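Observations on the model geometry
Here is what each chain is made of, one letter per residue.
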There are 2 protein chains.
Amino acid sequence: MRGVVMHEPGDVRVEERDDPEIVEPTDAIVKLTATCICGSDLWPYRGVEPADHVLMGHEYVGVVEEVGSQVTNVKVGDFVVGSFVISDNTCEICRSGYQSGCVHREFVHAGIGTQADKARIPYADGTLVATPGQPDPELIPSLLAASDVLGTGWYGAVAAEAGPGKTVAVVGDGAVGLMAVLAAKQLGAERIIAMSRHPERQELARFYGATDIIEERGDAGVEKIKELTGGLGAHSVVEAVGTQEAVMQAIGATRPGGHMGFVGVSHDVKVPGIELFFAGIHTEGGPAPVRRFLPDLIRLIWDRKIDPGKVFDLTLPLDQAAEGYKAMDERRATKVLLTL
Amino acid sequence: MRGVVMHEPGDVRVEERDDPEIVEPTDAIVKLTATCICGSDLWPYRGVEPADHVLMGHEYVGVVEEVGSQVTNVKVGDFVVGSFVISDNTCEICRSGYQSGCVHREFVHAGIGTQADKARIPYADGTLVATPGQPDPELIPSLLAASDVLGTGWYGAVAAEAGPGKTVAVVGDGAVGLMAVLAAKQLGAERIIAMSRHPERQELARFYGATDIIEERGDAGVEKIKELTGGLGAHSVVEAVGTQEAVMQAIGATRPGGHMGFVGVSHDVKVPGIELFFAGIHTEGGPAPVRRFLPDLIRLIWDRKIDPGKVFDLTLPLDQAAEGYKAMDERRATKVLLTL
């Protein structure tokens, strides 16, 4: 089968690899229908994280091809969506809704790699969720989005306690930020402020429910949010970037007692304790427990209530994965879907 | 009247000062019955914060001597407990329960100073709470504790979501940490782990409800908490120190999806974003909204349900304030009450 390998930062190749096989009785082999490139894949691509012959990809939908002897929740032929974090979904942490902190947690991007024809998914029962049937092709991008980018944006909005009567600000106009806008809208937020300076992303943010757009960043962005909120700051802020500036902007934009959900993967961020202390806010974040939300998200997609798939603005065959990375790196694409 | 002034770090003097007067119609003048020295007063005493002729003290109980024309909630002769943060208790932030983030917030330690015979309290209606009557003298220490150290420890436990079925760990065995133990017990926590290596504080922690004591610190302390919690970490952790080691210990000791309440005033703390990200926890903290809890805390004290006053282990007349600072600095006393 084919698989995407990053030889070193900037060097992405599609290579022939051995087909995956069942190793543990809790495994499943999934023949992938579609996969994609994540904003977080750009960190190693740009050399911010190391990359030495790494199998890439952690977002996936596909059809179950084989299951281990202990797998009971999904069966051969099922169309499944999986989280980007492996979880048993039975441990105490999973049962509390934090499957991304499962005692058996394993990151799909670290050793599995779903930018490929097939993937072995450990703890299939706790990681995969079957759709109600075989999906219409037009639903594939949205179901794929649920695997990470939608689930992550959704978690950001939930962590920020977006809801009725709330003003929600979203820092970051990448795919996750846009999905956080969608989530805030679905969760009933009264006002949704998207921070973006890219016209096409502003447009998509408005499509997903943004009521206001702020182009300023950093302290100026914080001031602008305060202007829009009677000087108080937003009730809920989603941080979907992961840089020092974005994190401090999110903290500063949250009103005292408000909630900041952070889902941008932190890079070289150091939060000054004294600023967090005097902000007087709640924070919650980390790798999203996508598995918690998957059944609801699949239902919303299946019923055509949401259209997260629009976040993919470039579709390429897997063989052109390198071009997909390049397009995202150069910001010519927000998110690239790879067909198989 | 007399007032405590810190001329410079380590140099505390009791001096004659002008009596305070009503300035705003929302002010009250309180003749103090007792005051005390806070662990946070040691930061300037030790030169970690600047101190240049600063009026000291932010904890207070006493009798209302005079009120401004717009004060209606308290009247002359009332015995009152006040928060260490001035709040109007009517703004949107106050109404959400975050009075320490009030739009009119002012810190009593920054310009008012209650280590004195009298103090002018701004926004008296929103800051002071009258007791049901004149208290028995034996209740004075406990009521005084409510002003900050109990209210802050209580907030730490609430922010950490201490409650039935929860394992709560408290980092810090100072007065606030001990009060967090008391609060966790009152809030119904199943297991309360106090981190302390001082025998007399361990004893007090057990008196207030600690079920386990851990003497290890840092990574070893984290490991010990994991040992006691099936490898998962505590559901709720209260950070009541404010140093880098204590904050990282608290983050590390919280299970994924758990809650970390931090009430230690941060000093030179920098939280690595990546560690907070992969911890996958909730955090909430800052200056405690003591005003939110005061009515309940006064009731618990009035009804002899709790005895936070035991946290004072040295009582001195105000004139000997300098000795009180010295005793706390040298850890000969946990918390010093000053009589007037």
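Predicted, not measured: the structure shown is a model, and the values here were computed from it. (Residues numbered from 1 in each chain as written. Chains lettered and ligands numbered in written order. Predicted model: local features only at pLDDT ≥ 70, side-chain atom pairs only at ≥ 80, totals over all residues. Heavy atoms only, no water.)

1. Description of the overall build of chain A
Scanning chain A from N- to C-terminus turns up twelve helices and 19 strands. For 340 residues, the compact-globule formula gives about 20 Å, and the C-alpha radius of gyration of chain A, at 19 Å, lands near that figure. For chain A, the spread of C-alpha atoms along the principal axes amounts to about 60 × 40 × 40 Å. Of the contacts made within chain A by residues no fewer than 6 positions apart, 68% connect residues no fewer than 24 positions apart. Carbon and sulfur atoms make up 48% of the accessible area of chain A, which amounts to about 12600 Å² in all. (Helix = DSSP H or I, 4+ residues; strand = E, 2+ residues; numbered from the N terminus. Rg over C-alpha atoms; globule rule 2.2 N^0.38 Å. Contact = heavy atoms within 4.5 Å. Areas by Shrake-Rupley, 256 points an atom, 1.4 Å probe, with all protein chains shown as cover.)

2. Some points on the pattern of salt bridges
All names here are of chain A. All told, the structure shown has 40 salt bridges over all chains when counted by the stated rule. Between Lys224 and Glu227 there is a salt bridge, with its nearest N and O atoms 3.9 Å apart. Here Glu227 and Lys224 lie together in helix H8 (residues 218-228), a separation of three residues that amounts to about one turn. Classification of Lys224 as partly exposed rests on a relative accessible area of 32%. (Salt bridge = Lys/Arg side-chain N within 4 Å of Asp/Glu carboxyl O. Buried < 20%, exposed > 50% of the residue type's maximum accessible area, 1.4 Å probe, protein only.)

3. Focus: a negative patch on the surface
A cluster of acidic side chains, namely Glu16, Asp18, Glu21 and Glu66 of chain A, defines a negative patch on the protein surface. Along the polypeptide, Glu21 of chain A turns up in the loop between strand E2 (11-16) and strand E3 (28-37). (Patch = residues over 30% accessible without salt bridge, like charges linked within 9 Å, V, L, I, M, F, W, Y side chains within 5 Å. Lys, Arg positive; Asp, Glu negative; His and termini not counted. Charge placed at Lys NZ, Arg CZ, Asp CG, Glu CD.)

4. A closer look at the state of the cysteines
The tally for this structure, following the rule as stated, stands at zero disulfides over all chains. Of the cysteine sulfurs around Cys38 of chain A, a residue in no disulfide, the closest is that of Cys36 of chain A, at 7.2 Å. (Disulfide = S-S within 2.5 Å.)

5. Quick word on the UniProt feature "domain: Enoyl reductase (ER)" (unreviewed entry) in chain A
The sites that UniProt annotates as "domain: Enoyl reductase (ER)" (unreviewed entry) are residues 10-338 of chain A. Segment residues 10-338 of chain A splits into 31% helix and 25% strand. End C-alpha atoms: 18 Å apart. (UniProt positions renumbered as here; feature names shortened; annotations may be inferred.)

6. What about the sheet that holds strand E11 (residues 167-171) of chain B?
The sheet built from twelve strands is open, its strands ordered E13(A)-E12(A)-E11(A)-E14(A)-E15(A)-E17(A)-E17(B)-E15(B)-E14(B)-E11(B)-E12(B)-E13(B) with mixed pairing. Lying at the two open borders of the sheet, with one neighbouring strand each, are strand E13 (212-214) of chain A together with strand E13 (212-214) of chain B. The average angle at which neighbouring strand axes cross in this sheet is 20°, direction not considered. Pairing analysis gives four bridges linking strand E15 (residues 254-262) of chain B to strand E17 (residues 282-285) of chain B, with the strands arranged parallel. Considered in E17 of chain B, the bridge of Phe262 of chain B is made with Gly285 of chain B. Packing of helix H8 (residues 218-228) of chain B onto the sheet brings it into contact with E11, strand E12 (191-195), E13 and strand E14 (234-239) of chain B, and relative to E13 of chain B it is tilted by some 155°. (Pairing = 2+ DSSP bridges. Axes fitted to C-alpha atoms, helices over the stretch in contact; angles between N-to-C directions.)

7. Let's talk about the pairing of strand E6 (residues 79-82) of chain A
All names here are of chain A. Burial along E6 is two-sided: the face carrying Phe79 and Val81 and the face carrying Val80 and Gly82 are both buried. As judged from the three bridges shared by strand E5 (residues 60-67) and E6, these two strands associate in the antiparallel manner. Opposite Gly62, over in E6, you have Val80 as the bridge partner. The pairing of E6 with strand E10 (residues 128-130) spans three bridges and is antiparallel. By the bridge assignment for E10, Gly82 is matched with Leu128.

8. Focus on the relation of the copies chain A and chain B
For the pair chain A and chain B, the best superposition has an RMSD of 0.0 Å and corresponds to a rotation of 180° with a translation of 0.0 Å parallel to the axis. Here the transformation between the copies is reduced to the relation of a two-fold axis. An overlap of 100% is found between the interface residues of chain A and their copies at the interface of chain B, pointing to a shared contact surface. (Least-squares fit on C-alpha atoms with pLDDT ≥ 70 in both.)

9. Looking at helix H11 (residues 290-302) of chain A
All names here are of chain A. Helix length check: H11 (13 residues) gives 17 Å between terminal C-alpha atoms against 18 Å at 1.5 Å per residue, within 8%. By the largest-angle criterion, Asp296 marks the main kink of H11, which is about 30°. Among all positions in H11, only Val290, Arg291, Phe293, Leu294, Leu297, Ile298, Leu300, Ile301 and Trp302 are buried. Among the structural elements, E6, helix H3 (124-127), E10, helix H4 (140-146), helix H5 (149-159) and helix H6 (175-186) are those in contact with the buried residues of H11. (Expected span 1.5 Å × (residues − 1). Bend = angle between axes of the 7 residues up to and from the residue.)

10. Section: the packing of aromatic side chains
As enumerated under the stated definition, the model contains twelve aromatic pairs over all chains in all. Look at Phe277 of chain A and Phe262 of chain B: their rings are 6.5 Å apart centre to centre, the planes differ by 50°, and that puts the pair in the tilted class. In this pair, Phe277 of chain A is assigned in helix H10 (residues 273-279) and Phe262 of chain B in strand E15, connecting two distinct chains. Residues Phe277 of chain A and Phe262 of chain B agree in their burial class; the two are buried. Every member of this aromatic cluster is reached through a ring pair, and the members are Phe107 and Phe262 of chain A together with Phe277 and Phe278 of chain B. (Phe/Tyr/Trp six-rings, centres within 6.5 Å; stacked < 30°, edge-to-face > 60°.)

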